[in-house]
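Geometric and topological summary
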Amino acid sequence: EFDLEASTQDQVYDGMRGESARAAEAVDATRSIVLSYNQQPLKAYFHANCGGITEVPEFVWGGEIKAFRQVVCPYHRRSRDRSAWKLRLSRLQIEHALRKISGLLPKNFFRLASLEAGAPNLSMRLTDLSLSDTSGNNILVNTSLFRTAIGNSKIKSTAFQIQRDAEGYLLSGEGNGHGVGLCQVGARAMAEEGRNFRQILQFYYPLSRIKTL
């Protein structure tokens, strides 16, 4: 029985060897202080780099979570934390990931003929991708599921464009992570400029309240 995964599913935790005196000091200094929404503790999602604007949960996991809204973040661009990325994928890599690993391709879908991006949403992220095979079959694949199938560390975010060339498909994107909630790179930049934790949290979770238990 456990409540948290020691991975990107919840919080990457390396055990005591990954702890630091500064982190422990921050934990102790904020003891009993919680972030809440509608009188309940907020599940405060966060990610590495928003790429310029945060995302709302429904575009990532579905459903409706009213505690979040998209926030334009001017703090994400750091020379040491580049937000732009590129990834080249072959047709076989895409088919293997979508068929063998994730089962996202139906049985009657034959050889991949085209991969196209759908319209971006308000945060400039893609919600769906359009795939066609050589027999004329067309399907839509959720971009978050596509990203997970290929690998979240490879496709760093769902804010990307697609170009086709002789070698396959070139994905060019911005940001790192699902984009919901706090941008870690942006939060660090805000802290380095002198913002305190309350100002940082209110910026990324504008609908929330900071309360003491």
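Before reading further, recall that the structure is shown in the block above.
Read on for a plain summary of the structure. (Residues numbered from 1 in each chain as written. Predicted model: local features only at pLDDT ≥ 70, side-chain atom pairs only at ≥ 80, totals over all residues. Heavy atoms only, no water.)

**Here we look at the overall build of the protein**
Heads up, the rule is: For the purposes of this entry, the term helix denotes a DSSP run of H or I that reaches at least four residues, the term strand denotes a run of E that reaches at least two, and both are numbered from the N terminus. For every residue, the accessible area (1.4 Å probe, protein chains only) is compared with the maximum for its type, and the residue is labelled buried under 20%, exposed over 50%, or partly exposed between those bounds. Whether two residues touch is decided by their heavy atoms; if any such pair falls within 4.5 Å, the residues are in contact. Each accessible area value is a Shrake-Rupley result obtained with a 1.4 Å probe; residue values ignore everything except the protein chains displayed when judging cover. Positive residues here are Lys and Arg, negative ones are Asp and Glu, while His and the chain termini are left out of the count. To locate a charge, the coordinates of NZ of Lys, CZ of Arg, CG of Asp or CD of Glu are taken.
The secondary structure content of the protein amounts to six helices and eleven strands. Counting only C-alpha atoms and orienting by the principal axes, one finds that the protein spans roughly 60 × 40 × 35 Å. Looking at the protein residue by residue over its 213 residues, the buried ones come to 37%. Long-range contacts, defined as pairs at least 24 residues apart, comprise 60% of the intrachain contacts of the protein with a sequence gap of at least 6. Here the protein has roughly 13,200 Å² of accessible surface; of this, 50% comes from carbon and sulfur atoms. Positive and negative side-chain charges in the protein, numbering 27 and 21 respectively, have mean positions lying 3 Å apart.

**Some words on the packing of helix 3 (residues 91–101) against helix 4 (residues 143–150)**
Going by this rule: The convention used is that axes are lines fitted to C-alpha atoms, helices contributing only their stretch in contact, and that angles between N-to-C directions extend from 0 to 180 degrees. When an angle is under 35 degrees it counts as roughly parallel; over 145 it counts as roughly antiparallel; between 65 and 115 it counts as roughly perpendicular; any other value is oblique. Note that Gly is not counted as nonpolar here; it falls among the polar residues with everything else outside the nonpolar set of Ala, Val, Leu, Ile, Met, Phe, Trp, Tyr, Cys and Pro and the charged set of Asp, Glu, Lys and Arg.
Where helix 3 meets helix 4, the axes come as close as 9 Å, and the angle between the chain directions of the two elements is 100 degrees. For the element pair helix 3 / helix 4, the angle class is roughly perpendicular. In contact with Gln93, Ile94, Ala97, Leu98 and Ile101 of helix 3, helix 4 contributes Phe146, Ala149 and Ile150. For the contact of helix 3 with helix 4, the per-class residue count stands at seven nonpolar, one polar and no charged.

**Some words on unusual backbone geometry**
With phi around 55 degrees, asparagine 38 is a residue other than glycine that occupies positive phi space. Relative to the elements of secondary structure, asparagine 38 occurs in the loop between strand 1 (33–37) and strand 2 (40–41). Its identity as a non-glycine residue notwithstanding, methionine 124 has a phi of 65 degrees, on the positive side.

**Description of the pattern of salt bridges**
Quick reminder of the rule: Just to be clear on terms, a salt bridge is a Lys or Arg side-chain nitrogen sitting within 4 Å of an Asp or Glu carboxyl oxygen.
Taken as a whole and judged by the stated rule, the model has five salt bridges. Between arginine 31 and aspartate 28 there is a salt bridge, with its nearest N and O atoms 2.8 Å apart. With a closest N to O distance of 3.8 Å, glutamate 167 and arginine 88 form a salt bridge. Taken together, the positions of glutamate 167 in the loop between strand 8 (160–165) and strand 9 (168–174) and arginine 88 in strand 4 (residues 84–89) put the pair 79 residues apart, joining distant regions of the chain. Counted as one network, the salt bridges with shared partners bring together Arg88, Asp165 and Glu167.

**Focus: the packing of aromatic side chains**
Going by this rule: Aromatic contacts are taken between Phe, Tyr and Trp rings whose centres are within 6.5 Å, Trp giving its six-membered ring; a plane angle under 30 degrees counts as stacked, one over 60 as edge-to-face, and the others as tilted.
For the structure on display, the rule yields six aromatic pairs. Between tyrosine 75 and phenylalanine 203, the aromatic rings sit 5.6 Å apart at their centres with planes inclined by 80 degrees, giving edge-to-face as the arrangement. Taken together, the residues tyrosine 75 in the loop between helix 2 (58–61) and strand 4 and phenylalanine 203 in helix 6 (residues 197–204) connect sequence positions 128 residues apart. The exposure class of phenylalanine 203 is partly exposed, given its relative accessible area of 24%.

**Focus on the pairing of strand 7 (residues 138–142)**
Our working rule: One bridge is not enough; two strands pair if DSSP finds at least two bridges between them.
Of the two faces of strand 7, the one lined by Ile139 and Val141 is fully buried and the one lined by Asn138, Leu140 and Asn142 carries no buried residue. Bridge count for strand 6 (residues 128–133) against strand 7 is five bridges, and the pairing is antiparallel. By the bridge assignment, serine 130 is partnered in strand 7 with leucine 140. Between strand 6 and strand 7, which pair antiparallel one after the other, the connecting turn spans four residues, and glycine 136 there sits at a positive phi close to 95 degrees.

**Quick look at the pairing of strand 1**
Both strand 1 and strand 11 (residues 209–212) contribute to a ladder of four bridges, which runs antiparallel. Its bridge partner being in strand 11, serine 36 is matched across the sheet by arginine 209. Hairpin connection between strand 1 and strand 2: a loop of two residues separates the two successive antiparallel strands, and asparagine 38 in this loop has a positive phi of roughly 55 degrees.

**Section: the side chain of aspartate 133**
Here aspartate 133 is to be found in strand 6. Buried charged residue aspartate 133 carries no salt bridge. Nearest counter-charge: arginine 99, at 7.2 Å. Excluding residues that lie within four positions of it along the chain, aspartate 133 makes contacts with Asn108, Phe109, Phe110, Arg111, Leu112 and Ala113.

**Notes on the state of the cysteines**
Counted only if it meets this: Throughout, a disulfide means two cysteine sulfur atoms within 2.5 Å of one another.
This model, assessed by the stated rule, comprises zero disulfides. Cysteine 73 forms no disulfide, and the closest cysteine sulfur to it belongs to cysteine 50, at a distance of 3.8 Å. In this structure cysteine 73 comes out as buried when scored by relative accessible area, which is 2%. The closest cysteine sulfur to the non-disulfide-bonded cysteine 183 is located on cysteine 50, 3.8 Å from its own sulfur.

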